[in-house]
Each structure stands twice: as C-alpha cells, then as structure tokens.
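# Structural overview
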Amino acid sequence: MKIHIDIDCFFVSAARIIEPYLEGKPVAIGGRSDTKIFASHAKNQTVSFVNSGSFVPTFYKAYEKKDDDIEAFQDEDGRLRGILTTSSYEARAYGVKTAMSIKEALRLCPELIIKAPNMTFYQELSHKLHQFLSLKIPLVEQASIDEFYGDLSGWIEDEEIPSFITSLRDEIHKELHLPVSIGAAPTRYIAKLATTYAKPFGCKTITLDNFDRFVNPIRVEKFSGIGKKMQHKLSQARIFTLGELRKHRDLLESWGSYAAELYKRVNGEADTPIKTIHKRKSIGISRTFDPIYSRDEIKRRVHILARHLSFAIFKLKVIPTVFHLSIHYEMNQKSHKNISLAESFTEQKFDALCLRMFFEADIHKRLHVIRLSIYCSSFTRDSKKELSLIGFAEEEKMRILTDSTQNLRSKYGIGIIKFASEL
Ligand SMILES: [Mg+2]
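Quick summary incoming for the structure in this document. (Residues numbered from 1 in each chain as written. Predicted model: local features only at pLDDT ≥ 70, side-chain atom pairs only at ≥ 80, totals over all residues. Heavy atoms only, no water.)

## Details of the coordination of the magnesium ion
- Within the protein, the magnesium ion binds to D6 (OD), I7 (O) and D146 (OD); these donor distances fall in the range 2.1 to 2.4 Å.
- Donor residues for the magnesium ion sit on one chain with the sequence pattern D-I-x138-D. Placement of I7 in strand β1 (residues 2–7) and of D146 in the loop between β5 (139–144) and β6 (147–151) is noted, with a sequence separation of 139 residues between them.
- In this structure I7 comes out as buried when scored by relative accessible area, which is 1%. (Donors = N, O, S within 2.8 Å, 3.2 Å for Na, K, Ca; no water. Helix = DSSP H or I, 4+ residues; strand = E, 2+ residues; numbered from the N terminus. Buried < 20%, exposed > 50% of the residue type's maximum accessible area, 1.4 Å probe, protein only.)

This is the structure:
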C-alpha cells in the first residue's frame, strides 16, 4: 500500500505554531510578487527555494508587534495588493479561497486575519516532517513543500494500515504540532484522492473492498491531473463522475496517451514507484517592476539579484556551471544570454558574470526594462573532481570569506553585506 500525507492548510498551521492564539480563527496567508528587495532600505530579507527559487520577505518584526500583517500587502499608495496562498478552514466557511485577492477575501470575511508568509519557517517545518517520516517509513518521497508519499509494502500488513496511519497522524501532531491528513491506497494516485476526502486532520484507507464505493461517486475535477480542459472534454461526453469515466476506457484511449494514462490512474491500474531522492536541477530569481530606463538603476538591480541568488546557491551547496540572464523590455521585446563556466563558485565572480551577461544581452538600449531573470543550472557538487583547478588556492581564500558572509547573512539578512560594485 502507498500512503499520501498532506499538511492541512500548511502556511496557516505554521503561523499557528508561532502564534497559538490564531487557533480556531479565520486566518489566511497573503502572497505577492516581492519587489521590496530593491528598496534601498531593504532589511530582514531572506531567501527560500522551495520550488523555483522564489524569494520571499520575512516579517519577523511584524510577528512580534501585531496580530495582523496587513500593512505588508499595502503598496506605497495604501492600496491593498496581493492574493491569498492559504486559508484556514474557519475562513473557508466564509467562501475564502486560495488565489482570491486579499481585498475580496476581506469583503467576504471582515474579521479575517491576514498574515505575511514566512518561507524560511515553512521550509524548516517541511524538512523536519520529511526527516520524521523518513524515520517511520522506509521509502518517503517529497512531492511538494507540504506533501509526501510513502510506500508501506512489506513494512506494514494491509490490515494494520488504518491504525498505523492514524497513529502516524497523531504522532506528527504531537511532535511537530502540524495537523496532517493521510490517505492510503493500492496506488499513489488513489492515495492522494483519499487524502482529499480525509481532510482536515483525517485518515482514509482505500482497499480493493471499498474501492468502487469510494471512487465512483467522486466528480472528475477532484482527481489530480484532470484540469479545466479535460473536465470540459469529459462533460461533452457526458462524463461527470469517476465512475462514469471508468466505463469509458475505449473513449479515453482514443483521446491519446495522456487520457489513456489518466484512465489507468483513476482505475487504480497505474502507479509510479516512490522515489526517495529528489534532485534540484536549477535555481533562479526574477523580478518584474515598473519600466526603468536608467541603465545604472538596472545594473544596481542585477547586483541585487546576483547577491540573493548567490546566497541561495551557497545554501544549496551546489556549483552551477551554466548561467542564464534574460531581459524583458517594454513592447514585448526580450533578450537573453547564456554562459557556461566550469569553475568553482564565488559571489564576486558570479556578480561580475551577471553584469557581463547583462551588458551582452542588453541589445535594446533605447527601451525601458520591465523584468530581469537570472537562472543557474547544471549543478556539480564536487569541485575537485569536475572543475578546473586554475586559481584554486585563490578561490579557497574566497570561499573562507564567503562562509563568514553566508553566516552573517543567515543571521541578519542578505542586505547586511554588499559588494563595493553595488554601492
Ligand atoms: Mg496541504
């Protein structure tokens, strides 16, 4: 049997660990594109790289002082910006949903408490849960920041699974103060479906005995992998429930390989083994801003992005060897530059490289710039084996400096140390 573990309204549950009085209240976590890192007074910035290397500000000060972080979502003119990334079940009862604008959510639920995200803390909790699960289950795969799959085959007898997952859920709650829901089923896809129906703070086991009874009445759009487009196609074929879908194997197979695979997943035939190692392939940072013409200001922003990304790269303990910078101009013009460099990584070198890529990529010098992105990929982990040894001693010195920089930044924010080129 496979199990699927999902933290209930994760970001809200995390906020409740720091501020227990949020328990039982309608709470939501806001999110917005963060351009505050460019502010000359940017402080308390930190970095997280859960999915794509997005950078989120933390608001520790706000946590200390106030119940609500609403001012974090107001722009300079006092307009409320941003959308919700998570909401508590108490908030959902008012119709508050993920991706809803903060404004709209407050209209539906005026007493809603809006909290700022704290990606560093989420990352920490997610890591702790991953470690905890790895102690309890032989094979654990992390699917996202708050979702895990586990394989219990040969580990727990099938008939003991309901009691095993219930006590696992209770242990996680006791040890990590996180509410989770757990689904168990013969395949990972059905286990995930079971979790959806176990929420909040529930457990559900699907066996061959109750498979049809559980799966058949569920509406097709509830199945992970059935998007708007597929749902529309199914509805035109008068297929609205998974049970109806299961009666149309030939039809789905005629729609191509994706639909054929979907059929098998719904029918409990398709499964994918639990993968324990998830290797990151790239990391990047990008920001969209109001159009800027001044190349000096844009260069300053390239330095800032380089500094933030460099911090993340050191945190990941990887050495990227392919670098990519792209510029989006007004009037829908784009330009980019790639550089491959198999040398050890230092922030100064990276900073100079980003600037060089910017100069080479900036081919529309008369246009305003609206977006900058920097990505790094093709990681290697062993500098001695794969990298050029030229200048290695010099770089070792640089690395010692980097280590102390990294420590200071972890403590006081990325803005605490800047290179002269940026000032
Ligand atoms: Mg979740």
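After that view, the rundown keeps rolling.
## Looking at the packing of aromatic side chains
- Summed over the entire model, instances satisfying the criterion amount to 8 aromatic pairs.
- Aromatic side chains F314 and F345 sit 5.2 Å apart centroid to centroid with 70° between the ring planes, which places their arrangement in the edge-to-face category. Residue F314 is located in helix α13 (residues 295–316), and its partner F345 is located in the loop between β11 (334–340) and α14 (347–361); the two are separated by 31 residues in the primary sequence.
- The exposure class assigned to F345 is buried, which follows from its relative accessible area of 4%.
- Relative to F350, the ring of F345 has its centre 5.1 Å away and its plane inclined at 45°; by these criteria the two rings are tilted. The two residues F345 and F350 agree in class, both being buried.
- One aromatic cluster in this structure is built from F314, F323, F345 and F350.
- Here R301 stacks its cationic end above the ring of F289, 4.8 Å away from the centre of that ring. (Phe/Tyr/Trp six-rings, centres within 6.5 Å; stacked < 30°, edge-to-face > 60°. Lys NZ or Arg CZ within 6 Å of the ring centre and 35° of its normal.)

## Looking at the environment of Y258
- Within the fold, Y258 resides in helix α12 (residues 257–266).
- Measuring from C-alpha to C-alpha, the distance between Y258 and G225 comes to 9.5 Å, with 33 residues separating the pair along the chain.
- Ignoring sequence-local partners within four residues, the contact set of Y258 consists of G225 and M230. (Contact = heavy atoms within 4.5 Å.)

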